[in-house]
Amino acid sequence: TTAPPAHRRVLLKLSGEVFGGGEVGVDPLVVKGIAEQIAAAVRDGVQVAIVIGGGNFFRGAELQQKGMDRVRADYMGMLGTVMNCLALQDFLEKAGVQTRVQTAITMGQVAEPYIPLRAIRHLEKGRVVIFGAGAGMPFFSTDTVSAQRALETKCDRLLIAKSGVDGVYSADPKLDPDAVKYDTLTFAEALHEGLRIVDTAAFSLCQDNRLEMLVFGMEGEGNITRALQGEKIGTTVTA
Ligand code: UDP
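Residues numbered from 1 in each chain as written. Predicted model: local features only at pLDDT ≥ 70, side-chain atom pairs only at ≥ 80, totals over all residues.

Undergrad: Tell me what's going on with the pairing of strand β6 (residues 157-162), and back it up with residues and numbers.
TA: Counting buried positions along β6 gives six out of six residues, so the element sits mostly inside the fold. Side chains of β6 alternate between two faces, with R157, L159 and A161 and L158, I160 and K162 buried alike. Two strands pair when backbone bridges link them, and strand β1 (residues 9-14) and β6 are joined in this way by five bridges, in the parallel orientation. What sits directly across from L14, in β6, is A161. (Buried ≥ 20, exposed ≤ 12 C-beta atoms within 10 Å, placed from the backbone. Helix = DSSP H or I, 4+ residues; strand = E, 2+ residues; numbered from the N terminus. Pairing = 2+ DSSP bridges.)

Undergrad: Lay out helix α2 (residues 28-43) with the relevant residues and their values.
TA: Each full turn of the α-helix corresponds to 3.6 residues, which orients residues three or four apart in the same direction. A rise of 1.5 Å per residue sets the reference length of α2, with its 16 residues, at 22 Å; its end C-alpha atoms lie 22 Å apart and thus fit the reference within 8%. Among all positions in α2, only V31, I34, A35, Q37, I38, A39, A41 and V42 are buried. Buried residues in α2 make contact with β1, α1 (16-19), β2 (47-52), α4 (70-94), β5 (128-132) and α9 (223-228). Remark: G45 follows α2 within two positions and exhibits a positive phi of approximately 100°. (Expected span 1.5 Å × (residues − 1). Contact = placed C-beta atoms within 7 Å.)

Undergrad: Quick rundown of the site of the ligand? Include the residues and the values.
TA: Near the ligand, the surroundings consist of 21 residues, among which G53, G55, G60, G77 and G134 are the closest. Listed by contribution, the elements that provide at least two residues to the shell around the ligand are α1, α3 (60-65), α4 and α6 (142-152). Element by element, the count of residues in the shell around the ligand is highest for α4, at four residues. Looking at side-chain class alone, the shell around the ligand contains seven nonpolar, eleven polar and three charged residues. (Near = placed C-beta within 6 Å. Nonpolar A, V, L, I, M, F, W, Y, C, P; charged D, E, K, R; others polar.)

Undergrad: Can you lay out the UniProt feature "binding site: UMP" (unreviewed entry) in the chain for me, pointing to particular residues and giving the numbers?
TA: Cross-referencing UniProt, the feature "binding site: UMP" (unreviewed entry) maps to G54, D74, A135, G136, M137, P138, F139, F140, S141 and T142 in the present numbering. A stretch of 89 residues holds the annotated residues, and the largest C-alpha distance among them is 14.0 Å, short enough that they meet in one place. When sequence neighbours within four positions are dropped, the list of residues in contact with G136 reads M78, A104 and I105. Relative to the helices and strands, T142 resides in helix α6. Look past the residues within four positions of T142 in its chain and what remains in contact with it is K13, V51, G53, G54, T81 and G134. (UniProt positions renumbered as here; feature names shortened; annotations may be inferred.)

Undergrad: Describe the nonpolar core, naming the residues involved and giving the relevant values.
TA: If you look at the biggest cluster of nonpolar residues, it comprises 67 residues, and the most contacted ones within it are I38, V48, I50, L88, L158, L159 and L228. The residues contacting I50, other than those within four sequence positions of it, are L12, L14, L88, V128, I130 and F131. (Core = buried A, V, L, I, M, F, W, Y, C linked by C-beta atoms within 7 Å.)

Undergrad: Break down the packing of α2 against α4 for me, citing the residues and quoting the values.
TA: α4 packs onto α2 with a crossing angle of 55° between their chain directions and a minimal axis gap of 8 Å. By the angle between their directions, the pair α2 and α4 is classed as oblique. For the element pair α2 and α4, the recorded crossing hand is right-handed. Touching V31, K32, I34, A35, I38 and A39 of α2 are A87, L88, F91 and L92, all from α4. Of the residues assigned to the contact of α2 with α4, the class counts are nine nonpolar, no polar and one charged. (Axes fitted to C-alpha atoms, helices over the stretch in contact; angles between N-to-C directions. Parallel < 35°, antiparallel > 145°, perpendicular 65-115°, else oblique. Left-handed = near helix turned anticlockwise from the far one by under 90°.)

Undergrad: Break down unusual backbone geometry for me, with residues and values.
TA: For F139, which is not glycine, the phi torsion reads 75° and is therefore positive. Within the fold, F139 resides in the loop between β5 and α6. Backbone geometry places K154, a non-glycine residue, at a positive phi of 60°. With respect to the element layout, K154 can be found in the loop between α6 and β6.

Listed below in structure tokens is the structure:
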């Protein structure tokens, strides 16, 4: 008897950092909680695609600062995202949701290769599709990939789940007590103000293709389910 979801197909971007619960690696309890929130929305008929970051393992730019070659470090970053995908896949399946992982770097024993039309087919069948290994290209971020995957698999909306902040602010609220939260914002404003909560490449990809974005805090009770169901929490960013 629930109302039909406002958004039929959505892409959820989760940062890798939350998967680690603040540490390197995966915190199963955190992943289980996230999976159960996603499962609730899937049961309501929302088609869910997911991109996960890898910040709980490696970030290419950080390894570069410590002396590594950037390209190789970025590949390490991408491989880290795949471990997060498998962890989420496991807990989604335990929550009764069918899943497929598709990776941009082929690894047949672990996941399907990224095949967009096949991903769409999975989504239509109610399976959650988890995209791993980023774009498979160094110098990209998983934020940017989430916008690209949302566009290519024809998602209605891009949902960016953030930890420690509940939307887009005029400045970093942890550093600036005068920072104000935006209810709505345009991509042009976000880019002009130099807001870094989402990568500029992701903002401009959404702007050029008129893909609506919701930036929300994942800490509130049931927030991930609510965002997936189309509830207006956090900040809406539009073209
Ligand atoms: N990465 C990359 N190309 C991609 C996606 C990711 O090279 O298309 C690498 C990059 O080194 C990045 C790391 O993977 O730092 C982890 O991704 P990200 O930093 O976006 O994860 P998050 O901050 O969302 O946890």
